[in-house]
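Now for the letters of each chain:
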10 protein chains.
Amino acid sequence: MSTQPSRELETFPNPQPERDYTIRMRIPEFTCLCPKTGQPDFATIHLEYVPDRDCVELKSLKLYIWSFRDQGAFHEQVTHDMLSDLVAATKPRFMRVTGEFYVRGGIDTTVIAEHRAPGWTPPQPVVLP
Amino acid sequence: MSTQPSRELETFPNPQPERDYTIRMRIPEFTCLCPKTGQPDFATIHLEYVPDRDCVELKSLKLYIWSFRDQGAFHEQVTHDMLSDLVAATKPRFMRVTGEFYVRGGIDTTVIAEHRAPGWTPPQPVVLP
Amino acid sequence: MSTQPSRELETFPNPQPERDYTIRMRIPEFTCLCPKTGQPDFATIHLEYVPDRDCVELKSLKLYIWSFRDQGAFHEQVTHDMLSDLVAATKPRFMRVTGEFYVRGGIDTTVIAEHRAPGWTPPQPVVLP
Amino acid sequence: MSTQPSRELETFPNPQPERDYTIRMRIPEFTCLCPKTGQPDFATIHLEYVPDRDCVELKSLKLYIWSFRDQGAFHEQVTHDMLSDLVAATKPRFMRVTGEFYVRGGIDTTVIAEHRAPGWTPPQPVVLP
Amino acid sequence: MSTQPSRELETFPNPQPERDYTIRMRIPEFTCLCPKTGQPDFATIHLEYVPDRDCVELKSLKLYIWSFRDQGAFHEQVTHDMLSDLVAATKPRFMRVTGEFYVRGGIDTTVIAEHRAPGWTPPQPVVLP
Amino acid sequence: MSTQPSRELETFPNPQPERDYTIRMRIPEFTCLCPKTGQPDFATIHLEYVPDRDCVELKSLKLYIWSFRDQGAFHEQVTHDMLSDLVAATKPRFMRVTGEFYVRGGIDTTVIAEHRAPGWTPPQPVVLP
Amino acid sequence: MSTQPSRELETFPNPQPERDYTIRMRIPEFTCLCPKTGQPDFATIHLEYVPDRDCVELKSLKLYIWSFRDQGAFHEQVTHDMLSDLVAATKPRFMRVTGEFYVRGGIDTTVIAEHRAPGWTPPQPVVLP
Amino acid sequence: MSTQPSRELETFPNPQPERDYTIRMRIPEFTCLCPKTGQPDFATIHLEYVPDRDCVELKSLKLYIWSFRDQGAFHEQVTHDMLSDLVAATKPRFMRVTGEFYVRGGIDTTVIAEHRAPGWTPPQPVVLP
Amino acid sequence: MSTQPSRELETFPNPQPERDYTIRMRIPEFTCLCPKTGQPDFATIHLEYVPDRDCVELKSLKLYIWSFRDQGAFHEQVTHDMLSDLVAATKPRFMRVTGEFYVRGGIDTTVIAEHRAPGWTPPQPVVLP
Amino acid sequence: MSTQPSRELETFPNPQPERDYTIRMRIPEFTCLCPKTGQPDFATIHLEYVPDRDCVELKSLKLYIWSFRDQGAFHEQVTHDMLSDLVAATKPRFMRVTGEFYVRGGIDTTVIAEHRAPGWTPPQPVVLP
Ligand SMILES: [Ca+2]
Ligand SMILES: [Ca+2]
Ligand SMILES: [Ca+2]
Ligand SMILES: [Ca+2]
Ligand SMILES: [Ca+2]
Ligand SMILES: [Ca+2]
Ligand SMILES: [Ca+2]
Ligand SMILES: [Ca+2]
Ligand SMILES: [Ca+2]
Ligand SMILES: [Ca+2]
Ligand SMILES: [Ca+2]
Ligand SMILES: [Ca+2]
Ligand SMILES: [Ca+2]
Ligand SMILES: [Ca+2]
Ligand SMILES: [Ca+2]
Ligand SMILES: [Ca+2]
């Protein structure tokens, strides 16, 4: 596996495909460039998903996140792009990407996008007291 | 685009209109005047919405917030006014405006107002454990 | 308007009666007397409501809270009394009063009471991810 | 009323029996003995209930909690015992007892038990935004 | 009972099998080895369950957790393995295992897996205001 | 001892007069009246002292604090008055009174006053790493 | 006293001029305009002082803070200006003004300035363990 | 070693007597009885010391703390007693005992006592930026 | 002024050179590349200084920070380089640069470097109680 | 460099030996075995030092920390051992090692040890307001 920024997302087989379960990843080291001004933007990205056959490999996810470093990207668009790439790579039952972007002009912005596989029904949550 | 306070809200096309997704903005720098006493009031405004065709442009939102600086406005009314203006500008599927106003007379006040587009049904939330 | 403690609650017309929306007030400066021992009790009161025709005026609410200062009042009873008075004054669609009382004998106590107007149905909450 | 540890729980008449409402008590000063080793255990107990005809009197609750000081009690059992005694004394519409026990062997344990009166239906919660 | 690491989970009889209730355990002292690199991984494990006939004995749980110290284990796999072992030992009505793993490559990962006994219906949660 | 508000401060003999040591008391339940407007003010009072022959008795301190409830008192003056009364009652080697008053007009105020007995030299503090 | 913004700072006589003591005020509602761009700046101002003959009157301090609302002011300059005005009004033994300005361009800035009266020596602090 | 409450404090030889260094222990599970009322008191005890020849053995410290469970003890006295016992057992260069007692009558109390060996000079603290 | 990354630091004249005072800037958006591996590093930089004739201009500081984005830099070296550049540009009486770098290999690192102008004596701090 | 646990600490030349400056490292992933019981202990280690000619290399520090995983070690001894090894490897002007060990028997323990090079005088700290 390379140690260069890369849009190629590696996967590995879901070790427990017979169960719906949750994987959450917190990625506080995201940066890209504002396509209007060329200035750096910073964000924390949250990834949550229910895997189907494949899980995202941690190191390739790191290289993928790195690949945005020199790319221009609007807040809303880049959140959807990450979701699309991650869905294409892992074909999950459910996936949610949250981008928490730093303050600009006194306003901070969070964008949250979800993908649900056709035909997948989320399990009824068990809420214990 | 001007750098003067302005009630004109700019928008840009929603980059992913085929999906219901969430945009949240936190605006801690809101101030207006109490219409009774003329004294300054301060608040943090939270904006949450599901865009339809248009998204609020960040810089124009900042100028819009600025436009309340010299205006008299009651807590309840100004929250509804912001919601109305933001709904008129972006025609969202759903929008919520929350105004958290600073302590007055030992009491702090929060006002929360929502708009839902006719015919729009909120997606069943996916609650992962 | 007086600046004396007063059980008279002033109201003003709801500026947006066509919408169900939320008003929250946090009142950390409540004190009354224990009817058994005569000793002071302290609490933080939370008021949440969906107004119908009338909203609680902030300054009169402060004078109302002040009026309990010299009155004997049990935790459970005083929470219900505040709810009854506030419902009588504003006839809200929904109202909740929460009294968080300070530690007594190593135990702290919270009492929460609600009123719902006959025939009012709470709106289905919109839970955004 | 005694000031000795006591299993006798005093009650007083619910001042508002026509309403379902919530009473919460936080009791950080619970201690008992481990029945296996005889060593002291410490916990914070949370009591939440919807009273019917009777409410728990605060001072007798304190004496009741005190009565466990010299008694051997397993985490799971003592939580159920407190629930049983409190249900027997007050016959509430609903009651929940939570025991948060301190770290033992690098593990901390919480036990939560509930009682619901036959035929009682919890009110549909009003979730305000 | 041994004081050696052990995969044998001891149980004791549920003292209140007639009730659905919750037991939560927080275990901040989990460590295993990465099967790829052999390097140590650290995690906090959360266990939540509704017991049926048997409860997990605290000391044997500690020895069980210890048994992973020298074993290679992927994040996703080890979470499922713990769930499988704990389900096999206690046959609970419901069980959830959460593994919160420390930062690797700037990313932290949480895995959450659940087991529900066939035919068991979670009680409708009582949500008090 | 009375259970009425009282300016009489009870003391008990310092059990360790041969040592300089510290006693701190945090009193979050202070309230008095503004002498200008008659309206209630609220504060948390901190008392720190090095006793000489006498220590402040806890229950009489509570009754003393209670005695300000119906008295008009400016922030700065009342802090000095408490210091003077406590010094007169206990003749400490050192005493500090801190009054943290709640927000008024968007400003919160803290007043800190100290007394040092003539000839008393504070011990050189031992600062451990 | 006016209820208009005003640079006139009112004072009242120090009730305890024979003692060095501390008064602290936290003022989270400061706003002015950037002299370069005309855009609003926001800050929290902290005032700490040892009064000599005069103390700052709370309401006039509020009107003074208000007077910056429409004035252009650099961060460093406005902090010094407030210090100069407050020193001129009260001639304190010691005064410190801290301006904590909100994030601009991803950077937040704090400016702290002090005045010490000629000949005044700060008391040796008494550090209790 | 016994597993009964015990006033006997075990020690072990300081492994590094040639150096002044710090040992801190936090003991949140202290309880004793009020000698006036017989009711339980609860505290967190902090122990900090610079050992000379001997260190406090952890398990015996636990049994020592346990030995106060059934003993009447005033806040100030019990803090000094623990200091005296710990000094007698370990003859440290320096020792500080802090007792943080829970709220009683709306007031919480902390007592801090120190012992310094004759002729021992605390090292000048190295304060790194 | 450019909006490109730039090592040129702009300054403006200190508005109050007759006083020693403090300016603090927190810069959470620093990123550079590891010179060994080429991978991105992230840090929060803190700048504290006592200006002499010149202050750092905020926007040019932002462009300066940006200039490290594509540069290889070790933690210790880059902290000293920033200090050197900022000292060269502003010739302050005192300056401290703190680099708080994100976790690598389970370890997080902070580097703090200071510059003091020859002959400058820091003012004796005034520590108010 | 190996990726096996190793007591060999690598160093690199201090890039700024002409200055006294601070390096801090936080290492939350320390584990060793209790020499008495053989059971795992966990700690967070803090390292702070003023380098002279050599700095600790981050990756070798990680392997060094790893080398304690299977070793029996008392809290006090292991803290001194780490200090001795790190001093031997880097010969710093000043070094402090802090071991924060997890709760055992309801008590948590912190050990702090320091080394100061003969003849090295810590710089007078510059305390900015
Ligand atoms: Ca955010
Ligand atoms: Ca709120
Ligand atoms: Ca609020
Ligand atoms: Ca409470
Ligand atoms: Ca717990
Ligand atoms: Ca818990
Ligand atoms: Ca995590
Ligand atoms: Ca987590
Ligand atoms: Ca305050
Ligand atoms: Ca304060
Ligand atoms: Ca700041
Ligand atoms: Ca305390
Ligand atoms: Ca304390
Ligand atoms: Ca750090
Ligand atoms: Ca740090
Ligand atoms: Ca600790």
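It should be emphasised that the depicted structure is a prediction, and the values quoted were computed from it without experimental measurement.

The rules behind each value
Residues numbered from 1 in each chain as written. Chains lettered and ligands numbered in written order. Predicted model: local features only at pLDDT ≥ 70, side-chain atom pairs only at ≥ 80, totals over all residues. Heavy atoms only, no water. UniProt positions renumbered as here; feature names shortened; annotations may be inferred. Helix = DSSP H or I, 4+ residues; strand = E, 2+ residues; numbered from the N terminus. Contact = heavy atoms within 4.5 Å. Buried < 20%, exposed > 50% of the residue type's maximum accessible area, 1.4 Å probe, protein only. Least-squares fit on C-alpha atoms with pLDDT ≥ 70 in both. Disulfide = S-S within 2.5 Å. Salt bridge = Lys/Arg side-chain N within 4 Å of Asp/Glu carboxyl O. Axes fitted to C-alpha atoms, helices over the stretch in contact; angles between N-to-C directions. Left-handed = near helix turned anticlockwise from the far one by under 90°. Nonpolar A, V, L, I, M, F, W, Y, C, P; charged D, E, K, R; others polar. Buried area = accessible area lost by both parts, 1.4 Å probe. Polar contact = N/O pair within 3.5 Å; in protein donor to acceptor, adjacent residues only side chain to side chain. Pairing = 2+ DSSP bridges.

1. Re the UniProt feature "binding site: substrate" (unreviewed entry) in chain A
What UniProt calls "binding site: substrate" (unreviewed entry) maps, in this numbering, to A:V56, A:E57, A:L58, A:H75 and A:E76. In summary, the annotated positions, distributed over 21 residues, remain apart in three dimensions as well, the widest C-alpha pair reaching 24.7 Å. Here A:L58 lies in helix α1 (residues 58-66). Residues in contact with A:L58, not counting those within four places in the same chain, are A:M25, E:R104, E:I107 and E:T109. In this structure, A:H75 sits in helix α2 (residues 75-90). For A:H75, a relative accessible area of 12% corresponds to the buried category. Excluding residues that lie within four positions of it along the chain, A:H75 makes contacts with A:D41, A:F101, A:T109 and A:V111.

2. Examining the relation of the copies chain A and chain E
With an axial shift of 0.0 Å and an RMSD of 0.0 Å, the rotation relating chain A to chain E amounts to 72°. A rotation of that kind, with that shift, is consistent with a five-fold axis. Across chain A, the rotation axis passes nearest the C-alpha of A:V127, at a separation of 8.7 Å. Residue by residue, only 9% of the interface of chain A is reproduced at the interface of chain E, so the copies engage with different surfaces.

3. So, the relation of the copies chain A and chain B
Its rotation angle being 72°, the transformation that places chain A on chain B also includes 0.0 Å of axial translation and leaves an RMSD of 0.0 Å. When the interface residues of chain A are mapped onto chain B, a mere 7% of them again lie at the interface, so each copy presents a different face.

4. Details of the state of the cysteines
Here, disulfide denotes a covalent bond that connects the sulfur atoms of two cysteines. This structure, assessed with the given rule, holds 0 disulfides over all chains. A:C55 forms no disulfide, and the closest cysteine sulfur to it belongs to E:C34, at a distance of 15 Å. Cysteine J:C32 remains unbridged, with the sulfur of J:C34 as its closest cysteine sulfur at 8.2 Å.

5. Details of the pattern of salt bridges
Considering all chains together, one arrives at 90 salt bridges over all chains under this definition. Because the salt bridges share partners, they merge into one network encompassing A:R24, A:E48, A:R96 and A:E114.

6. A short note on the environment of I:D54
All names here are of chain I. Structurally, D54 is set in strand β4 (residues 54-56). Under the relative-accessibility criterion, D54 is labelled partly exposed at 25%. Not counting the four nearest positions on each side in its chain, D54 is found in contact with T11, F12, P13, N14, Y49 and T90.

7. Topic: the packing of α1(A) against α2(A)
Residues and elements named next belong to chain A. As a packed pair, α1 and α2 sit with axes 12 Å apart at the nearest point and diverge in direction by 145°. Here α1 and α2 pass one another in a crossing that is right-handed. Contacts between α1 and α2 involve L61, Y64 and I65 on the former and, on the latter, D81, M82, D85 and L86. Residue composition of the contact of α1 with α2, grouped by class: 5 nonpolar, no polar and 2 charged.

8. Focus on the interface of chain A and chain E
Opposite the 22 residues of chain A that make contact, chain E presents 27 residues. Taken together, the two surfaces of chain A and chain E that pack against each other cover about 2,200 Å², and 55% of this comes from carbon and sulfur. Among the residues chain A hides against chain E, the three largest losses belong to A:R19, A:V126 and A:L128. Together they make up 30% of the total. Put simply, chain A and chain E have 2 salt bridges between them. The closest approach of N and O atoms between A:E57 and E:K36, which form a salt bridge, is 3.7 Å. For the interface between chain A and chain E, the tally reads 7 residue pairs in polar contact (both at pLDDT 80 or more). Those elements that place two or more of their residues in the side of chain A that touches chain E are β2 (22-33) and α1 of chain A. Across the side of chain A that touches chain E, the residue classes tally to 13 nonpolar, 3 polar and 6 charged.

9. Brief notes about the pairing of strand β6 (residues 107-116) of chain F
Sheet faces and side chains relate simply in a regular strand, where the side chains alternate between the two faces. Within β6(F), 7 of the 10 residues are buried, which leaves the element mostly enclosed by the surrounding structure. Across 9 bridges, the pairing between strand β5 (residues 94-104) of chain F and β6(F) is antiparallel. Residue pairing in the sheet places F:R104 in a bridge with F:I107 of β6(F). The antiparallel hairpin formed by β5(F) and β6(F) contains 2 residues in its connecting segment, where F:G105 sits at a positive phi of about 60°. Pairing of β6(F) with strand β2 (residues 22-33) of chain G, which is carried by 5 bridges, proceeds in the antiparallel orientation. Bridge pairing in β2(G) places F:I112 opposite G:T22.

10. Some words on the UniProt feature "active site" (unreviewed entry) in chain A
All names here are of chain A. Following the UniProt record, the feature "active site" (unreviewed entry) maps to C34 and D41 here. Looking at the secondary structure, you find C34 in the loop between β2 and β3 (40-50). Using a relative accessible area of 18% as the deciding quantity, one classes C34 as buried. In this structure C34 touches Q39 and D41, once residues within four positions along its chain are discounted. Following the sequence through the fold, D41 ends up in strand β3. Residues within four places of D41 in sequence aside, it is in contact with F30, T31, C32, L33, C34, H75 and R104.

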